[in-house]
Amino acid sequence: MRNHRLAPGLPRTFAAGLALVSLWPAGAFAETVVKIGAALSMTGPAAVYGATQKAGILAAVEDVNRSGKLPGIKLEAVIEDDASTKEQGIAVYQRFINRDKVSAIIGPTLSNTATAADPLAQAAKVPVVAVSNTAPVGITDIGTYIWRVSLTEGQVIPGALARLKAKLSFKKAALFYGNDDAFTQAGYKVMKGALDAAGIPIAGTQTFAKPDKDYSAQLTALKALSPDILLVSALAENAAGIVAQARQLGWNVPIMGGNGFNSPAFIKNAGPAAEGVYVGTAWNKVSTDAANQAFLAGMKGRGVDPDQFCAQAYTGILVIAEGIRLSGGKGSREDVRNGFLKLKNLTTPLGPFSFTKDRDGEHPSSVQIVRDGKFQIVP
Amino acid sequence: MGQQIINGLFLGSIYALFALGYTLVFGVLDILNLAHAAIFMLATFAALALVTTFHFPIFLALPAAVLFAGLVGIVLERVAFRPLRSRADSNISGLISSLAVATILEAVALEVWGPNISRFPIGTLSDARVAIPGGVVSRLQLTIIAVAVVMFLALTWLLTRTRIGREVRAVAESPRAARVLGVNVDRVIASTFFLSSALGGAAGVLFGLAFNSISPDMGRSVELKGLAVIILGGMGSMPGAVLAGFLLGLTEVFVVAHLGASWRDAVSFAGLFLILVLRPQGLLGAAGAREA
Amino acid sequence: MTERLADFYGTYQSTIGYIGLNGLLALSVYTTLSCGQLALGNAGFMAIGAYAAVLLTMEAHVPFGLSLLAGTLLPALVAVPLGLPVLRLKGVFLAIATIGFGEVVRLSLVNSEAVNGAQGIVAIPQKTSVGLIFAALALAVALLGRLKGSKWGFALEAIREDEPAARTMGIPTGAYKLSMLALGAALAGLAGALEAHFTFMVAPNGFGFDRVVDMLVFAVVGGSGVVFGPVVGAAFLTLLPEVLREVAPMVGIEPGPLRMAVDGLVLLLVILFLPNGIVSLAGVIRARRSGRRPAGGTESTR
């Protein structure tokens, strides 16, 4: 695990010269490289998330290394593609654990893959930070080494719904969700539970499948029930089409979406139809928090327009770095986990971040509305 | 209900468009070309690039992309099908080689354009709404249905009234007999792939315009449905593919409205299964061809 | 040394396990291919086997052996009423009818709240060992190998070459085809049951159209003329992404789409240049060396 960057046999004068021009002279001699594995879906159906997660991770590693927050330690990201399958997700995990000897793993993009791969990390006592898994069961309950940054829909939707209820005072709702995907199915259950708890009757429920592009039949059927609000649990690739087609049908009902809507691609692809759509979200992109503004500026400098998955992946690395710092160690697997036990109110683009006692993430969530082609916070 | 019928007809026209090219190759060569969906996608990206990068109007970008798709089809035939044609198991090995090409094309698209969903710029085609009895329809949708009908008529004309059409049908009947009659079978098959892929490309561009959702895996949403449509319509039958496309579209919409969308695909595939078992020749196919 | 060996095994343990599982799946397609039938319902059979076994293990708490047995037998039982009507179809039509069956199975699971829909069943106890997978694979290879040399095998060959002729010779083609479909279903179900107890979870998305296409590719790329062909094909294609993971960075190919393209390219080259599958590679090289053209260019690879 400890690699010395410079070979011991290097001429002393040359090494000294290097140290002088180096920005971090202290680190140049005995820098410990701490590897962090990231199992991302860069091909297959979830490729759209893997790409933005990769950007977030690389940026965070660069920022942490430059900040000097971890003296004598250099983070290094090892990124592998799990092809959106559990078969390759498991293979990547075993590689990270046994071959790359990583100190921590940023969990696989998809919840389904995580439920198959995370038990291996738990058994090998390698801390995992899930940055996009939102399934309520089967992730952090695997064991004490599995941690999560991404809020589950259960932590976001009920609060968002209560805020909207106060604002719009709707009487009955309709639900529309992707039923062939673990993320959107879990989101639906939360929405239904929140409506039931608030005593709001559900006029009707319809579903779609992830490959679908045409939703007009379902939307027409729901429109006929004339609900006061439409709640949608969909991934980013479906969200824009759903909203655009609802408006195309001349249906102007208020729409609220979950985490999947929180992406610049949603506004771009839905165009004017996105106006007025509410989004319950784990990451408040328009937050004026210094940490968030710095993150946005940093990503802009790298040519990336970040979405929530990018911000969460970035936070995943910050959390691991903080874990190492708090442990006071050199970044071993145990160090990372011991640090997590102490981690509290870490400044991140997501807001002040802490872990719950069940190792799930905890940070403020918000409700946004699309106005003038931008996400804006609902007061 | 009026709105649902419009929805069904529109969805049906998309299925029919995709299936026309699919069934053409199937009818002539008895081969499933699993790369059809990839060409559908590639043509859409080509049109998108023309519109956004080179500022082509869509009415020029569409034919250009269609031509491009046709040429890709010729290459596809050369690379993935012709070398296998003499093999006894060409229908299985062709399935796999076309799958390999599809994988490569999808990977290339993923590398070049990235995994994100793209769309044609807003206003590429007017999506103004037109009120009709019982619902609304957009000009865009009407355009797409019209293009589907025109392409079907043009294809029918081509196949029944022109020399190349007669040759295509002769090869479909029996390549050996066609060769004896002096038909250049290689050229005819290449033309078939050109036509089939061009149609697939047109379907892709129209699909991209209709749903504003262009991505390297966009073909997946129609791949299996297209298969259902060509079976339902009868092997290699153009009118069958069109009829079956509309029938599938309407059935799906009906299921959504009355049973709920979660059963839509299960009903579609169960229906496909039943049709195959009860009427293996499809709606408009010739009897006897599919049973052992 | 032993530590490095342990690391190596730890790194590739799941890949090795998947070589065995995919081998079983490839054989499940091979069974019907060996009598000339392209039946592609195996993802559905696999799902039935996996869910049946998992529910028995987790809900009924039966011994693992019994779960496996049920996961093997149930799909075979389902295959019989399915096969009676669909095996009258031939070629691509049989393929599509069986794909339809597989999709109906997957969509039913997606719609079943009782088995948690798309989220699937998680926290399944790991009971499958790599050794058990290979024991099952060895058993399957031995069984199919014996079949091939027997009277039964000749009947299958006759059906594959010319079904009407086989029928006039008095071979009960329907019964043979049906039993091979059931055998394939059993193998797929066994693989599903083993996999579910190997990877801690099972979800409907693992049993889509892609999965059955993979199985067919394993069988044909390996060479479906001999019993171990599909096993070789499965091993080759399961190892390919892992080998690319190793080799691609050396030539500067980052993880992502380009590797997927290389994957597709290798598949294309194999199908174009090795008509009888990877198992024919040795023969092809030998023929090249001795200056003859490889035999089999126009032969059936089935």
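Residues numbered from 1 in each chain as written. Chains lettered and ligands numbered in written order. Predicted model: local features only at pLDDT ≥ 70, side-chain atom pairs only at ≥ 80, totals over all residues. Heavy atoms only, no water.

A. Local environment of the overall build of chain C. Looking only at helices and strands, chain C features 12 helices and 0 strands. Listed by position from the N terminus, the elements making up chain C come as α-α-α-α-α-α-α-α-α-α-α-α. Relative to the 2.2 N^0.38 estimate, which gives 19 Å for 302 residues, the radius of gyration of chain C is 20 Å and therefore close to what a compact globule would have. For the C-alpha atoms alone, the extent of chain C along its principal axes is close to 55 × 55 × 35 Å. Residue pairs in contact within chain C that sit at least 24 positions apart in sequence constitute 79% of those at least 6 positions apart. For chain C, the exposed surface amounts to about 11,800 Å²; the carbon and sulfur share of it is 67%. Across chain C, the 20 positively charged side chains and the 17 negatively charged ones have centroids separated by 12 Å. (Helix = DSSP H or I, 4+ residues; strand = E, 2+ residues; numbered from the N terminus. Rg over C-alpha atoms; globule rule 2.2 N^0.38 Å. Contact = heavy atoms within 4.5 Å. Areas by Shrake-Rupley, 256 points an atom, 1.4 Å probe, with all protein chains shown as cover. Lys, Arg positive; Asp, Glu negative; His and termini not counted. Charge placed at Lys NZ, Arg CZ, Asp CG, Glu CD.)

B. Seen up close, the side chain of Lys225 of chain B. Residue and element names in this part refer to chain B. Relative to the helices and strands, Lys225 resides in helix α9 (residues 220-233). The class of Lys225 is buried, set by a relative accessible area of 7%. At 3.2 Å, the side chain of Lys225 forms a polar contact with the side chain of Glu252. Residues in contact with Lys225, not counting those within four places in the same chain, are Tyr15, Leu248, Glu252 and Asp265. (Buried < 20%, exposed > 50% of the residue type's maximum accessible area, 1.4 Å probe, protein only. Polar contact = N/O pair within 3.5 Å; in protein donor to acceptor, adjacent residues only side chain to side chain.)

C. Spotlight on the pattern of salt bridges. In the structure shown here, the tally under the stated rule is 34 salt bridges over all chains. Here Glu106 of chain B and Arg220 of chain B are joined by a salt bridge, their closest N and O atoms 3.1 Å apart. Within this pair, whereas Glu106 of chain B is found in helix α4 (residues 90-113), its partner Arg220 of chain B is found in helix α9, the two being separated by 114 residues in sequence. Of the residues examined, Glu106 of chain B reaches a relative accessible area of 15% and is grouped as buried. Taking the relative accessible area as the measure of exposure, Arg220 of chain B reaches 30% and is therefore partly exposed. Through salt bridges with shared partners, one network takes in Asp212 of chain A together with Lys225, Glu252, Arg264 and Asp265 of chain B. (Salt bridge = Lys/Arg side-chain N within 4 Å of Asp/Glu carboxyl O.)

D. Fine view of helix α11 (residues 290-301) of chain A. Residues and elements named next belong to chain A. End to end, α11 covers 16 Å across 12 residues, agreeing with the expected 16 Å (1.5 Å per residue, within 8%). Among all positions of α11, only Asn292, Phe295, Leu296 and Met299 are buried. Mapping the buried residues of α11 onto a view down its axis gives an arc of 95 degrees, with all of them on the same face. Facing away from the buried surface of α11 by more than 90 degrees, the exposed residues are Ala290, Ala297 and Gly301. Each element contacted by the buried residues of α11 is listed here: α3 (47-67) and α12 (308-327). Positive backbone phi, at 80 degrees, marks Gly303, one or two positions downstream of α11. (Expected span 1.5 Å × (residues − 1). Arc of directions from axis to C-beta.)

E. Region of the structure containing the sheet that holds strand β11 (residues 346-348) of chain A. All names here are of chain A. Strand order across the open sheet formed by 3 strands is β11-β12-β13, with antiparallel pairing between neighbours. Pairing within the sheet leaves two strands with one partner each, and these edge strands are β11 and β13 (361-362). The pairing of strand β12 (residues 351-355) with β13 spans 2 bridges and is antiparallel. Paired with Phe355 across the bridge in β13 is Gly361. (Pairing = 2+ DSSP bridges.)

F. The arrangement of the interface of chain C and chain B in detail. At the interface, 43 residues of chain C touch 45 residues of chain B. Between chain C and chain B, a total of about 4,100 Å² is buried, with carbon and sulfur atoms accounting for 77% of that surface. It is Phe93, Ile96 and Met260 of chain C that lose the most area in chain C upon contact with chain B, and together they represent 16% of the buried surface on that side. At the boundary of chain C and chain B, one finds 0 salt bridges. At the junction of chain C with chain B, the criterion picks out 4 residue pairs in polar contact (both at pLDDT 80 or more). Looking at the side of chain C that touches chain B, the elements that each hand over two or more residues are α3 (64-86), α4 (91-110), α7 (163-168), α9 (209-222) and α11 (257-273) of chain C. (Buried area = accessible area lost by both parts, 1.4 Å probe.)

G. Structural detail: the side chain of Glu195 of chain C. With respect to the helices and strands, the residue Glu195 of chain C is situated in helix α8 (residues 173-196). For Glu195 of chain C, the side chain forms a polar contact with the side chain of Arg211 of chain C, separated by 3.1 Å. Not counting chain neighbours up to four residues away, the residues in contact with Glu195 of chain C comprise Lys86 of chain A together with Tyr18, Leu21, Met46 and Arg211 of chain C.

H. Structural detail: the nonpolar core. One finds Leu32 and Phe120 of chain B together with Leu24, Leu27, Val202 and Leu216 of chain C to be the most contacted residues of the largest nonpolar core, which totals 199 residues. In terms of residue count, the dominant contributor to this core is α8 of chain C (15 residues). Filtering out sequence-adjacent residues up to four positions away, Leu27 of chain C remains in contact with Leu137, Ala140, Val141, Leu144, Leu187, Val227, Pro230 and Val231 of chain C. Counting 42 residues, the second-largest nonpolar core is a separate cluster that includes Ala38, Val129, Trp147 and Met299 of chain A. (Core = buried A, V, L, I, M, F, W, Y, C linked by side-chain atoms within 4.5 Å.)

I. Here's a closer look at the interface of chain A and chain B. Contacts between the two partners involve 30 residues from chain A and, on the opposite side, 31 residues from chain B. Where chain A abuts chain B, roughly 2,400 Å² becomes buried across the two surfaces, and 56% of that area is made up of carbon and sulfur atoms. Inspection of the chain A/chain B interface yields 11 residue pairs in polar contact (both at pLDDT 80 or more). Listing elements by their share of the side of chain A that touches chain B, those giving two or more residues are α3, β7 (202-208), α8 (216-223), α9 (236-248) and α10 (264-270) of chain A. With 5 residues, α8 of chain A is the single largest residue contributor to the side of chain A that touches chain B.

J. Local environment of the packing of helix α2 (residues 42-60) of chain C against α3 of chain C. Residues and elements named next belong to chain C. Closest axis-to-axis distance for the α2/α3 pair is 8 Å, and the angle between their directions is 140 degrees. It follows that α2 is oblique to α3 by the angle criterion. The hand of the α2/α3 crossing is right-handed. When α2 is examined against α3, the residues Phe45, Ile48, Gly49, Ala52, Ala53, Leu56 and Thr57 are found in contact with a partner set consisting of Ser67, Ala70, Gly71, Leu74, Pro75, Val78, Ala79 and Leu82. (Axes fitted to C-alpha atoms, helices over the stretch in contact; angles between N-to-C directions. Parallel < 35°, antiparallel > 145°, perpendicular 65-115°, else oblique. Left-handed = near helix turned anticlockwise from the far one by under 90°.)

K. Representation of the pairing of β7 of chain A in the model. Of the pairings in the sheet, the one linking strand β6 (residues 173-178) of chain A to β7 of chain A comprises 6 bridges and is parallel in character. Across the sheet, residue Ala173 of chain A finds its bridge partner in β7 of chain A, namely Ile202 of chain A.

L. Representation of the layout of surface pockets. Here the second largest pocket defines a volume of roughly 550 Å³. Residue lining of the second largest pocket: 32 residues in total, with Ala244 and Gln248 of chain A together with Asp127, Ala210 and Asn212 of chain B positioned closest to the centre. Among the elements that make up the lining of the second largest pocket, the one with the highest residue count is α9 of chain A (5 residues). (1 Å grid on protein atoms, 1.4 Å probe; cavity = no way out; pocket = protein on both sides within 12 Å on 5 of 7 lines; lining within 4 Å. Points joined across faces, edges and corners; volume = space filled by probe spheres on them.)

M. Expanded view of the confidence of the model for chain C. When pLDDT is averaged across chain C, the result is 91; 96% of the residues are at 70 or more. Low pLDDT, under 50, characterises residues 294-302 of chain C; the stretch is placed with 26 contacts to residues that sit more than four places away or in other chains. (pLDDT = per-residue confidence, 0-100.)

N. Structural context of α4 of chain B. All names here are of chain B. Helix length check: α4, at 24 residues, gives a terminal C-alpha distance of 33 Å against a target of 34 Å (1.5 Å per residue), a fit within 8%. Burial of α4 is extensive: 18 of the 24 residues sit out of reach of the surface. Two residues or fewer past α4, Gly114 is found with a positive phi of approximately 80 degrees.

O. Layout of the sheet that holds strand β1 (residues 32-40) of chain A. Residue and element names in this part refer to chain A. As summarised here, the arrangement of the 5 strands in space is β2-β1-β3-β4-β5, forming an open sheet in which the pairing is parallel. In this open sheet, the two strands that pair with only one neighbour each are β2 (73-81) and β5 (146-148). Taken pair by pair, the neighbouring strands of this sheet meet at an average axis angle of 25 degrees, ignoring direction. In terms of strand pairing, β1 meets strand β3 (residues 104-106) through 3 bridges, oriented parallel.

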